[in-house]
Amino acid sequence: MRAFMPGRIVRFIAGWNQLAIDGRLVAVTLAMGMIAALVFGTIPALQTARGQVSDALKSDGRTGSGPGRQRLRRGLVVAEIALAPPLLVAAMLSIDTVRQYLTNWQGYDPANVLTLRIVLPTAQYPDADSRRRFVDAALDELRAVPSISSAAIGNIVPALDSNDGRRIEIAGQPPVDPANRPAVDYRTVSPAYFDVLRMPILAGRAFATSDQPGSAPVAIISQSMARKVLAPGRELGGQLRIAQGPWLTVVGVCGDVIHDWFDSRNVPTLYRPITQAPTDTLVVAARTPGDPRAIVEDVRRALARVNAAQPVFDVMTMLQMLNEKTIGLQMRRQRDGRAFAALAMLLAVLGLYAVMTCFVAQRVREIGVPHRARGDGRRRHAALRSARRRG
């Protein structure tokens, strides 16, 4: 368990590095085993001590056990056979479910994408214009790298360990209390964001380079936002705004993504062009035809040409990010899958075999003559023949 947990996550879990098997755990386990042995050994001993000779005479003389005990043993055999397959099925389902979580379609394609995070210092990038210039220059440098097929920058990408939300007001709807306005996830992204993550545009258009600060404010909404917040069939051209900001015109509808496996699915999401809503917290996503780990240094050099003093952090592939986001599910898969499989094997090897062995040994006279008895009989017949010849 300690080796399975990524180092980036361990630092947030108090006491994880101290997880170990110590003397106290071994002592408690041994004590519990001894108590269990005493309890389950004492009960049949007491029953035997209180038994009467007449009860034994009334029982089956061939097997030494009455019909009640035979039924109990048969019941144990049936129960163990019935429990083993469901445990194996549960183990397989536990493993397969998490595998599907990591590999099935989640609204975007995480393969072959490298991500890294940047926080622009306020002293060097104090306003929207300076932040916009950094994003434009960084994208130009990234697009010039031959090993990068496409690149984008936004404030959030799916499976990131943080989120951003806003409350919105929709034009044409009755005014509501500001605290009760519809809440949506908020994204500010560059035009190639949907292409890099391969998120489908279901209606309208994606952001374009013409969406600049001086042009009309626009937005793209997710399919769930179009269905839950806006009037169906009238999404395109609808208007909404964040707090007291400018009214935004909806120019496109994109597919839903699963941002967090532990949160609700299909959360309404609002996307804005980063040129019209720049931010100082950035996530760079670069898609490559090959292994994204091979372009780490190319991306670092490209960003260094924009600002050599600007640090980057959390450099990882998107699959690695998704893996760390679902680390709890994966550990549960490993634990439950192995536990169910081991328990099924224990039932089959120890429980079922032991009960069947005892059952057969007690009815050996009905099944056949023991080997030793056959050997003794042969020796007696041979001795009789030898005595007759000598006589």
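You'll find the structure just up there.
Predicted, not measured: the structure shown is a model, and the values here were computed from it.

Cut-off values and rules
Residues numbered from 1 in each chain as written. Predicted model: local features only at pLDDT ≥ 70, side-chain atom pairs only at ≥ 80, totals over all residues. Heavy atoms only, no water. Helix = DSSP H or I, 4+ residues; strand = E, 2+ residues; numbered from the N terminus. Buried < 20%, exposed > 50% of the residue type's maximum accessible area, 1.4 Å probe, protein only. Areas by Shrake-Rupley, 256 points an atom, 1.4 Å probe, with all protein chains shown as cover. Core = buried A, V, L, I, M, F, W, Y, C linked by side-chain atoms within 4.5 Å. Contact = heavy atoms within 4.5 Å. Pairing = 2+ DSSP bridges. Arc of directions from axis to C-beta. Phe/Tyr/Trp six-rings, centres within 6.5 Å; stacked < 30°, edge-to-face > 60°. Lys NZ or Arg CZ within 6 Å of the ring centre and 35° of its normal. Salt bridge = Lys/Arg side-chain N within 4 Å of Asp/Glu carboxyl O. Patch = residues over 30% accessible without salt bridge, like charges linked within 9 Å, V, L, I, M, F, W, Y side chains within 5 Å.

Details of the overall build of the chain
And then number 1: The helix and strand tally for the chain stands at twelve helices and eleven strands.
And then number 2: Here the chain holds 391 residues, and 38% of them are scored as buried.
And then number 3: For the chain, the exposed surface amounts to about 22700 Å²; the carbon and sulfur share of it is 61%.

Quick look at the nonpolar core
And then number 1: Counting residues in each nonpolar core, the largest one holds 26 residues, and the members touching the most others are Tyr 108, Tyr 193, Phe 194, Met 199 and Tyr 271.
And then number 2: Contributions of two or more residues to this core are made by helix H6 (193–196), strand S6 (218–222), strand S8 (248–254), strand S10 (281–287) and helix H9 (318–325).
And then number 3: Every residue in contact with Met 199, bar those within four places of it in the chain, is listed here: Gly 107, Tyr 108, Tyr 193, Phe 194, Cys 254, Gly 255, Val 257 and Tyr 271.
And then number 4: If you look at the next biggest cluster of nonpolar residues, it comprises 23 residues, including Phe 134, Val 135, Ile 274 and Leu 303.

A word on the side chain of Arg 241
And then number 1: Its place among the elements puts Arg 241 in strand S7 (residues 239–242).
And then number 2: The exposure class assigned to Arg 241 is buried, which follows from its relative accessible area of 17%.
And then number 3: Beyond its immediate chain neighbours, meaning those up to four positions away, Arg 241 contacts Arg 167, Ile 168, Glu 169, Pro 246 and Trp 247.

Details of the environment of Leu 236
And then number 1: Tracing the backbone shows Leu 236 in the loop between helix H7 (223–228) and S7.
And then number 2: When the C-alpha positions of Leu 236 and Thr 249 are compared, they lie 7.8 Å apart, and in sequence the two are 13 residues distant.
And then number 3: The residues contacting Leu 236, other than those within four sequence positions of it, are Ala 203, Gly 204, Val 250, Val 251, Gly 252 and Val 253.

A look at the pairing of strand S3 (residues 165–170)
And then number 1: For S3 and strand S4 (residues 183–189), the ladder comprises three bridges, and the chain directions are antiparallel. Of the residues in S4, the one forming a bridge with Arg 167 is Ala 183.
And then number 2: Pairing analysis gives three bridges linking S3 to S7, with the strands arranged antiparallel. The residue of S7 that forms the bridge with Ile 168 is Ile 242.

Thoughts on helix H8 (residues 296–306)
And then number 1: Looking at H8, one finds that the buried residues are Val 296, Val 299, Ala 302 and Leu 303. For H8, the buried positions fall inside an angular range of 135° around the axis, keeping them on one side.
And then number 2: Against the buried residues of H8 lie strand S1 (113–119), helix H5 (128–143), S10 and strand S11 (313–317).

Quick word on the packing of aromatic side chains
And then number 1: Scanning the model with the defined rule gives five aromatic pairs in all.
And then number 2: When the ring of Tyr 193 is compared with that of Tyr 271, the centres are 6.2 Å apart and the planes differ by 50°; the resulting orientation is tilted. Pair noted here: Tyr 193 is in helix H6 and Tyr 271 is in strand S9 (residues 269–273), with a separation of 78 residues, a long-range link. As far as burial versus exposure is concerned, Tyr 193 and Tyr 271 are alike and both buried.
And then number 3: Following the ring pairs from residue to residue traces out a cluster consisting of Tyr 193, Phe 194, Phe 207 and Tyr 271.
And then number 4: Between the NZ or CZ atom of Arg 166 and the centre of the ring of Tyr 186, over which it lies, the distance is 4.3 Å.

Some details on the environment of Met 199
And then number 1: As for its position among the elements, Met 199 is in the loop between H6 and strand S5 (201–204).
And then number 2: A relative accessible area of 4% places Met 199 in the buried class.
And then number 3: Distance in space between the C-alpha atoms of Met 199 and Val 257 is 8.2 Å, their sequence separation being 58 residues.

Overview of the pattern of salt bridges
And then number 1: Counting across every chain of the model gives 15 salt bridges.
And then number 2: Between Asp 211 and Arg 205 there is a salt bridge, and its shortest N-O distance comes to 3.1 Å.

A short note on unusual backbone geometry
Peptide bonds are mostly trans, and most non-glycine residues show a negative phi.
And then number 1: One non-glycine residue, Ala 159, lies in the positive phi region at around 75°.
And then number 2: With respect to the helices and strands, the residue Ala 159 is situated in the loop between strand S2 (150–154) and S3.
And then number 3: For Ala 159, a relative accessible area of 3% gives the class buried.
And then number 4: Phi is positive for Ala 243, close to 55°, though the residue is something other than glycine.
And then number 5: By secondary structure assignment, the location of Ala 243 is in the loop between S7 and S8.
And then number 6: Owing to a relative accessible area of 38%, Ala 243 belongs among the partly exposed residues under this scheme.

Structural notes on a nonpolar patch on the surface
And then number 1: Nonpolar side chains collect at one region of the surface, where Leu 343, Met 345, Leu 346, Val 349 and Leu 350 lie side by side and expose about 470 Å² of accessible area between them.
And then number 2: Relative to the assigned elements, Val 349 resides in helix H10 (residues 327–362).
And then number 3: Look at Val 349 and you get partly exposed, because its relative accessible area is 48%.

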